[in-house]
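Working through the structure, step by step
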Amino acid sequence: MFVSKMTLNQSGLFGQVEDLQDSAFIERPIRRSLKTAEEIDQLTVDEDLNDIERAVYLLSLGQEVQRASVISNLPSLVRQNPAETFRRVVPKVREVLHLAGAEIQLAAAASFLTILQDDIVLIHTHTFSILKTVLLNLNHRDAVVSNAWLETLLSAINALPKETIKQEVLNPLVYKSQLSQSVQARLASCRILGKVACKFDSHIVKKELLPLARSLCQDVEYEVRSCMCRQLENVARGLGTEDTKAEVLPELVELAADEESSVRLAAFDTIINLIEIIDSDDRAHVLIPLVMLVCEPSSSSSDEVLVASLSFQFGKLCNGLAASLSDEQRGRLLQRFKALCVIGLQPDSGHTEGGEYTLIRCNCCFNLPAMVVFADSAHFLSELYPSLSSLCRDPEVSVRRSAAASFHQVVKLLGSNAHLVLKELLVLLQDDSLEVLDALMNHLQETLETVTSRGDGPPPDNKMFPELLAALLFAEQKVGSSLRWRLHEKLLQRYSCLARLLPGDLLHQTFSQRIFIILTTNKVLPVQKEAARTLCTFLRYNRKQEQRQETMDRLIQDLAQGRSYWNRLRFLDVCEMASELFSRKYFNKHFLLPALELVHDPVANVRYKLCQLLPRLRSSIRLPADKQLLQQLDFCVQKLLCKEKDKDVVATIRKTVLELDKLDITEPYHKRQERDLLDQKKEKEETLLLEMEQLERQQSESKVSSEKLTERKRKELRKAKLSRSRSLSSQPTTSKSANSDRPLKVKESSGASGPGKASMLSSNDDSLRTAHFTMATLSSTPSTSSMPVLIRSNTTSLLDRTSGTLDHRTTTTLDRTGTLNHRTSTLEHRTGTLEHRTGTLEHRSGTLEHRTGTLEHRTGTLEQRSKTIDHRSSGMKDSQSRKLSINRKSNSFSAQSGRE
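Read on for a plain summary of the structure. (Residues numbered from 1 in each chain as written. Predicted model: local features only at pLDDT ≥ 70, side-chain atom pairs only at ≥ 80, totals over all residues. Heavy atoms only, no water.)

**Details of the packing of helix α12 (residues 202-217) against helix α14 (residues 241-256)**
Two packed helices can be described by the angle between their axes and the distance between those axes. The geometry of α12 relative to α14 is characterised by a closest axis approach of 11 Å and an angle of 10° between their N-to-C directions. Considered as vectors, α12 and α14 are oriented roughly parallel to each other. Only D243, E247, E251 and L255 of α14 make contact with α12, whose side of the interface consists of K206, L210, R214 and C217. Considered class by class, the residues forming the contact of α12 with α14 number three nonpolar, no polar and five charged. (Axes fitted to C-alpha atoms, helices over the stretch in contact; angles between N-to-C directions. Helix = DSSP H or I, 4+ residues; strand = E, 2+ residues; numbered from the N terminus. Parallel < 35°, antiparallel > 145°, perpendicular 65-115°, else oblique. Contact = heavy atoms within 4.5 Å. Nonpolar A, V, L, I, M, F, W, Y, C, P; charged D, E, K, R; others polar.)

**Here's the deal with the side chain of N137**
Tracing the chain through its elements places N137 in the loop between α8 (123-136) and α9 (143-157). Overall, N137 belongs to the buried group, its relative accessible area being 9%. Not counting residues within four places of it along the chain, the set of residues in contact with N137 comprises L97, Q105 and W149. (Buried < 20%, exposed > 50% of the residue type's maximum accessible area, 1.4 Å probe, protein only.)

**Some words on the side chain of Q66**
Within the element layout of this structure, Q66 appears in helix α4 (residues 64-72). A distance of 3.0 Å separates a polar side-chain atom of Q66 from the backbone nitrogen of Q63. (Polar contact = N/O pair within 3.5 Å; in protein donor to acceptor, adjacent residues only side chain to side chain.)

**Re the packing of aromatic side chains**
A full pass over the atoms with the stated rule returns ten aromatic pairs. Here F511 and F538 contribute two aromatic rings whose centre-to-centre distance is 6.0 Å and whose plane-to-plane angle is 85°, an arrangement assigned as edge-to-face. Of the two residues, F511 is situated in helix α31 (residues 504-521) and F538 in helix α32 (residues 525-540); the sequence distance between them amounts to 27 residues. For F511, a relative accessible area of 0% puts it in the buried group. (Phe/Tyr/Trp six-rings, centres within 6.5 Å; stacked < 30°, edge-to-face > 60°.)

**Concerning a positive patch on the surface**
Together, K708, R712, K715, R718, K719 and K721 give the surface a local cluster of positive charge. Of note, K719 is situated in helix α39 (residues 669-750). Exposure remark for K719: the relative accessible area of 64% places this residue in the exposed category. (Patch = residues over 30% accessible without salt bridge, like charges linked within 9 Å, V, L, I, M, F, W, Y side chains within 5 Å. Areas by Shrake-Rupley, 256 points an atom, 1.4 Å probe, with all protein chains shown as cover. Salt bridge = Lys/Arg side-chain N within 4 Å of Asp/Glu carboxyl O. Lys, Arg positive; Asp, Glu negative; His and termini not counted. Charge placed at Lys NZ, Arg CZ, Asp CG, Glu CD.)

**Details of the packing of helix α13 (residues 222-239) against helix α15 (residues 261-273)**
Direction vectors running N to C along α13 and α15 enclose 10°, while the axes themselves pass 8 Å from each other. It follows from the interaxial angle that α13 and α15 lie roughly parallel. Side by side, α13 and α15 meet where Y222, R225, S226, C229, R230, L232, E233 and R237 of the first sit next to S262, V263, L265, A266, A267, D269, T270 and N273 of the second.

**A short note on the state of the cysteines**
Under the criterion given, the structure shown has zero disulfides. Unpaired in this structure, C392 has its nearest cysteine sulfur neighbour in C365, at a distance of 7.3 Å. No disulfide involves C575; its sulfur sits 8.2 Å from the nearest other cysteine sulfur, which is in C536. Judged by relative accessible area, which is 1%, C575 ranks as buried. (Disulfide = S-S within 2.5 Å.)

**Observations concerning the environment of D281**
The topology assignment puts D281 in helix α16 (residues 280-295). With 43 residues separating them in the primary sequence, D281 and S324 have C-alpha atoms 8.6 Å apart. At 2.8 Å, the side chain of D281 and the side chain of H285 are in polar contact.

**Observations regarding the layout of surface pockets**
Put simply, the largest pocket is a space of about 470 Å³. Residue lining of the largest pocket: 23 residues in total, with L502, P503, G504, Y541 and R543 positioned closest to the centre. Those elements that provide at least two residues to the lining of the largest pocket are α30 (498-501), α31, α32, α33 (545-560) and α39. Taken together, the residues of the lining of the largest pocket sort by class into twelve nonpolar, six polar and five charged. (1 Å grid on protein atoms, 1.4 Å probe; cavity = no way out; pocket = protein on both sides within 12 Å on 5 of 7 lines; lining within 4 Å. Points joined across faces, edges and corners; volume = space filled by probe spheres on them.)

**Let's talk about the nonpolar core**
By size, the foremost hydrophobic cluster in this structure holds 210 residues, and its most contacted members are I192, F511, F591 and L617. Setting aside residues no more than four positions away along its own chain, L617 makes contact with F587, L592, A595, L596, L610 and L633. (Core = buried A, V, L, I, M, F, W, Y, C linked by side-chain atoms within 4.5 Å.)

**Comments concerning the environment of E251**
When you line up the elements, E251 lands in helix α14. Since its relative accessible area comes to 15%, E251 is described here as buried. In the structure, E251 is positioned 19 residues away from L232 in sequence and 9.2 Å away in space, judged by C-alpha atoms. With residues up to four places along the chain from it excluded, the contact list for E251 reads R214, C217 and Q218.

**Some points on the pattern of salt bridges**
One pass over the full model with this rule turns up 33 salt bridges. Across the pair R332 and E328 runs a salt bridge whose closest N-O atoms are separated by 3.8 Å. Separated by four residues within a single helix, R332 and E328 lie in helix α19 (residues 327-341), roughly one turn from each other. Salt-bridge contacts for R616 lead to E576; the nearest nitrogen and oxygen are separated by 3.9 Å. In this pair, R616 sits in helix α36 (residues 604-619) while E576 sits in helix α34 (residues 565-581), placing the two residues 40 residues apart along the sequence. Overall, the relative accessible area of 23% leaves E576 in the partly exposed class. A cluster of three or more residues bridged by salt bridges with shared partners is formed by E435, D438, R484 and K490.

Dropping the structure here:
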């Protein structure tokens, strides 16, 4: 009734009272001694007793905690005095164990195991007393204690001699394996039998151990049959190939048809483990039919437990039987594996999603590399790519994590065909689960190296890089926004390989910006240091001088000269990473002086870190080349020693000065030589990167100039074709006009009749012959109009027209000569350009000089040809003028003869 009538204020008051009582209990003074005076007297031991006497006393009269302490310390007593320990202490331990609890039993099992595995102890002398204690407690009523003593015995068998095992282990083993013993004893006998089978030769195994193993395989308890079936692998390896075929394999086949699924599972696993020692005949006639029966989805023996074990060892099974399989059987196994990859995902298959099916698909991810080997990488796209794609997009996180863990092995096996799985890599990088990203990051460098390099195949598509970089940025942002800073650190560490795999322009434009943000905003120090290392790696392998200088300027402005002291501390971290990645020359040129300028920093933490970094900065200086840098460093040290007021910085700089004084003295010569060789290697790599940059720039410039030269050639060819077509179009017009006059003149001449006509023909006979001779002479020259002159009055106009045609041809020849001169000047311009390139590329000077000489020779040849053409044209003019004068003389002579 009181509780029902309690008001809200009263309940709150009682709650406050309870809180006060709890706080009073917390503040209650703790008793200084947890033991009473009487208990302390019972735990007190005489200080005059030695270790052996104290151990015997505590085992006899001590409390439980003291006895456990003595038993745990038993290996130390054996090392100090083995004879007295085994004579006085070990019998007491045996007495205590008879009625001891589980804690003392477990401590004794661990101590005896340590003693048996210790090389200091003479095991032959004291083995009997140890094994007697172990075997006596092997049948303890507590299963945990019994298993502890069994593990002690199994671990000690490797250190025991054969005779001891035969006398002390095998004889009790025969008794323990009888049906009259408990199931726990028979299970222990199975494990002991499998362990000792590897210690003896095949004759003893066949004679003494094999009959015992057969009887245990036929035990009435399925647990015993399953345990012994798993130990048949060791028995078979002890027997050898021939006896395994005759003795062990029939037992396994019989156990594979057992009524209990656990026994069938054990038999199936043992058969898979023994494939390598079974001959090809038994593989073809015994194992393959059994495997095909198990792999059938409709088989009654294919229960879920067996299918789970099959999925775990499917790759090992297929590759072990590959040599004995037919094409039809190989196809059936591949189809079964494909079905296992999607088991439980089909809504119409009758399966429901559960833990067993998720485990099967995880096992398929584990076996996917082995199945790529089994199916051959050439058939990967048609056979296994759908399965890989399904596993990478599985709804269960554990399946996708398993696919990410084995993805790098699949990529390695594909080799030059690794680009086929690029989409799946992008899917895994953009996964929502951080567990998937964590599994993928373990081998990301190997995966990216294989995917981005095609080997002997065609170069990778440039479209691939932006997609890959976007996926990598998405993964980094997702991990960075979480609290998994260790995963973020690992991710940045793996991303440093991108400097050697992706184009520098993409990294500089996108990823370097993100690294700067991490470096300046992230609050986790390990993540910041890894970001500094990654940024230095990107800077190290960047080929473009402008981008490197831009990165350095941003490092100086945003970090070394930043407003936040945290950023200035990060610049010193960058200097620490840069001293490891860059050569001394590059480091001293870009990082050393900005780091030394921080000696004037107003924040003591920055100066403190600079003091810690001074020995590393000093190790990058080499005299006499870096004498000025050494003076700067000495000035920095003197300023810290003289003007520093912070006590921590003063203590650190004094310690640093001592290290600087010993730096050149304490370092061994061989280590200094190794560092010098490594620095020379780094400097050569940096020089090579600069040369590659210059070569790429020259190639781009030569490409642009060649394109301009090609365009100029095209324009010149167009102009030459246009001028040639104009000259050709003007020549047929003259010949057409000359030919059009001929029929008219013939018609007029034929119009005369009577005696006048005959007299005209007779009077003009000589003139016609002369004109015909003249035009025949002209036809030997390259003219287009050559025709007989029939009328004497038209001879002058015809000669004028002929001379005009010759003048036009001479002009055309001069135009061509001008074109050749223009080409000659063009070639001379090219020669000058090549000579300029020869001065730039020294290693190509010989080849370019040879080409220049060849071009000059061609220029001289063209000039000679142009002179020859000029000479021919002048000669042509002279000959034509002579021929015209002869024609005029002949015409005048014919006219005069006509008059006469």
